[in-house]
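Coordinate analysis (summary)
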Amino acid sequence: MAFATFAAKALGQVRDSLMAAYFGAGIEADAFMLASKIPTTLFDVVIGGVISASFIPIFNEILTKENKKEASQFANKFITMIVLATVLIALFGIVFARQLVHLMGPNASQETTELAVRLTAIMFPMIIFTGIAFSFVGILQSYGEYNIPSIISLVSNVAIILYYIVFGKRFGVTGLAVTMIIAWSLQVLVQIPSLIKLKFRYRPDFRLRDRHIWSAVLLALPMLVSTWVQPLYTLVNAR
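Cut-off values and rules
- Residues numbered from 1 in each chain as written.
- Predicted model: local features only at pLDDT ≥ 70, side-chain atom pairs only at ≥ 80, totals over all residues.
- Heavy atoms only, no water.
- Helix = DSSP H or I, 4+ residues; strand = E, 2+ residues; numbered from the N terminus.
- Buried < 20%, exposed > 50% of the residue type's maximum accessible area, 1.4 Å probe, protein only.
- Contact = heavy atoms within 4.5 Å.
- 1 Å grid on protein atoms, 1.4 Å probe; cavity = no way out; pocket = protein on both sides within 12 Å on 5 of 7 lines; lining within 4 Å.
- Points joined across faces, edges and corners; volume = space filled by probe spheres on them.
- pLDDT = per-residue confidence, 0-100.
- Phe/Tyr/Trp six-rings, centres within 6.5 Å; stacked < 30°, edge-to-face > 60°.

Our focus in this paragraph is the overall build of the protein chain. Broken down by element type, the protein chain carries 11 helices and 0 strands. For the protein chain, the N- to C-terminal ordering of α and β elements is α-α-α-α-α-α-α-α-α-α-α. Taking all 239 residues of the protein chain together, 46% fall into the buried category. Of the contacts made within the protein chain by residues no fewer than 6 positions apart, 85% connect residues no fewer than 24 positions apart.

Below, the discussion takes up the layout of surface pockets. Gaps left between atoms are located by rolling a probe of water-molecule size over the structure's atoms. Its boundaries defined by the atoms lining it, the largest pocket holds a volume of some 480 Å³. Residue lining of the largest pocket: 19 residues in total, with R15, S36, I160, M180 and W184 positioned closest to the centre. Elements that contribute at least two residues to the lining of the largest pocket include exactly helix 1 (2-23), helix 2 (27-46) and helix 8 (147-189). Broken down by element, the residue count for the lining of the largest pocket peaks at 10 residues, all from helix 8.

What follows concerns unusual backbone geometry. One non-glycine residue, K199, adopts positive backbone phi at about 65°. Checked against the element boundaries, K199 lands in the loop between helix 9 (192-197) and helix 10 (211-227). Classification of K199 as exposed rests on a relative accessible area of 66%.

With that settled, the discussion passes to the confidence of the model for the protein chain. Model confidence for the protein chain is summarised by a mean pLDDT of 87, while 90% of its residues fall at 70 or above. Taken element by element, the protein chain is modelled with least confidence in helix 11 (residues 229-238), mean pLDDT 57, and with most confidence in helix 6 (residues 110-123), mean pLDDT 95.

For the coordinates displayed, the defined rule picks out 12 aromatic pairs. An angle of 45° between the planes, with centres 5.9 Å apart, marks the rings of F74 and F78 as tilted. With F74 and F78 both in helix 4 (residues 68-95) and 4 residues apart, this pair spans about one turn of that helix. Residue classification places F74 among the buried residues on the basis of a relative accessible area of 2%.

Set out below in structure tokens:
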């Protein structure tokens, strides 16, 4: 696990170096950095530490006090709630991409702004996979599986590095934005075999009027408020 964490950080440095090599410090790099920051900031503001703060403790409690079936049913409902929330955030981000770019990068040039608006709209769906990936991590860690969660960043970094090497010159920064979505979807996919071994299969469950879901929401509220500090600090600094 320690090796996977180290490898992920090392590949992260390689990824950043390749970005500098391909796009330098020009308009494309500025637009991509601005556009990639917007979905993650909005995800942190709305979802924040909800998954780690509320899902894992309640999932473990159900697993211990009730049974595996009840825990899986709660997980399906919780993940469905996260998917619905992230889909709404993504739609909001796509519709209001221009306003969000102006808010996060008020001093950007017109050319940078226009490119950032397009890239933001492309990348916003990646937060859907972010929410699912973090939820899957919570399930695996609750069952004592830490190796697979430790390599998910490794997998996404490899995908981005391969994009630079194989397609970077052909599709440029727009292709990189699409690759970000693919990279996050791979973080979901790489966890599925381990979940299947644990006999967990995600099935959408919209019966959200559930006592465990309400407990998760109530437990998450204080943590959610606390996680607003850093994104709001980032927003203030951008002005």
